[in-house]
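Chain and residue survey
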Amino acid sequence: MNLSQLYYFRKLAEVQHYTKAAQELYITQPSLSASILSLERDLGIDLFQREGRGGKLTKYGRDFYVHVCKALVELEVGIDNAKENSGTIGGVIDVACIPTLCGDFLPRSINSYMQDCNPTVKFNVFNGMTPAIVEGVRSDAYDVGFCSMSEGETDLCFTPILSQEYTTIVNKKHPLAALAGQPMKLEDLEPYEILTYPENSPVGRIIKKELRKHNLKATHYGYDETTIGGYTAINQVVAIVADTPLLKQFDNLVHLKVELEAEARLVYMVYHRNNYLTPAVKNYIQHVLDKGPEFGGVPT
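Criteria and thresholds
- Residues numbered from 1 in each chain as written.
- Predicted model: local features only at pLDDT ≥ 70, side-chain atom pairs only at ≥ 80, totals over all residues.
- Heavy atoms only, no water.
- Pairing = 2+ DSSP bridges.
- Helix = DSSP H or I, 4+ residues; strand = E, 2+ residues; numbered from the N terminus.
- Expected span 1.5 Å × (residues − 1).
- Buried < 20%, exposed > 50% of the residue type's maximum accessible area, 1.4 Å probe, protein only.
- Arc of directions from axis to C-beta.
- Contact = heavy atoms within 4.5 Å.
- Right-handed = clockwise from strand over helix to strand, strands pointing away.

1. Points about the pairing of strand S1 (residues 48-51)
Relative to strand S2 (residues 54-57), S1 is paired through four bridges, and the arrangement is antiparallel. Counted as the bridge partner of Gln49 is Lys56 from S2. Between the end of S1 and the start of S2, which pair antiparallel, lie two residues, with Gly52 showing a positive phi angle near 70 degrees.

Structure follows, in structure tokens:
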């Protein structure tokens, strides 16, 4: 039994005439007859009562017809969904990103792609931290991720798309606020509580290493710039954080000129190098590589 036989059977059951069915299927009548006989032999039952060139369903044929129609409809729906999700028609792209990019880079890249490349594509956007994004891309839950580098992921392709300088911030009531604009060294922060990213995050490990050089240690942690900026705005802490647009929502923050050796934070686009990538996903990746600097951040 094969798929063609099921389509042939459905058509003959509908028109109940071999010649007419063969014409509508664009095959010869002998080919149709042979296919139906082969199907009946496979099933071990007669599906049609032969009356000249007519083909009336037996009671077994009527029951089989119901199931064949259901099966073929489900198959056709599946084919349509596969085409849509793969980008043959429109496409669906599952994207995950760290909060840093949710307010500017990601929406700009999506809008640009839809305007320039594929206006019918659908985006599912997920927000998370780097470890969760990397795991999602590795497990094929996400097509593309935007996050920090994660070492040891040989199956994943990390491509830098932008860099973000680190900055040191306090609120306007903090004692160090009066020194804004004056060059400072990291050791000048020793009397104060320090806030930065968690040590289990890639960027947190970088800053931890920087602090350790000067016998300093963070005492407070936040996973993103909104959390860090919000906490700094109402508490007497010194925060070392990536200078992103998320900090602009707080109007009482002061940026200090603290000398840092840490290189700018790199944000990467990541995707699985071995998994199948639909045309829509491939085109989006290339679009980001081609036009990334237009979407915000500092191009690498």
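2. Brief notes about helix H5 (residues 105-116)
Along its twelve residues, H5 runs 16 Å from first to last C-alpha, staying within 8% of the 16 Å computed at 1.5 Å per residue. For H5, the complete set of buried residues consists of Phe105, Leu106, Ser109, Ile110, Ser112 and Tyr113. Mapping the buried residues of H5 onto a view down its axis gives an arc of 165 degrees, with all of them on the same face. Close packing links the buried residues of H5 with strand S3 (92-97), strand S4 (122-127), strand S5 (144-147), strand S6 (156-164) and helix H9 (279-291).

3. Quick notes on the pairing of S3
Among the six residues in S3, six count as buried, and that is most of the element. Every second residue of S3 is oriented toward a common face, with Val92, Asp94 and Ala96 on one face and Ile93, Val95 and Cys97 on the other, all of them buried. By the bridge criterion, six bridges tie S3 to S4 in an arrangement that is parallel. Residue Cys97 lies in a different strand from S4, and its bridge partner there is Asn127. Assessed by its sense of winding, the connection that carries the chain from S3 through H5 to S4 is right-handed.

Any link to function would need more than the numbers given here.
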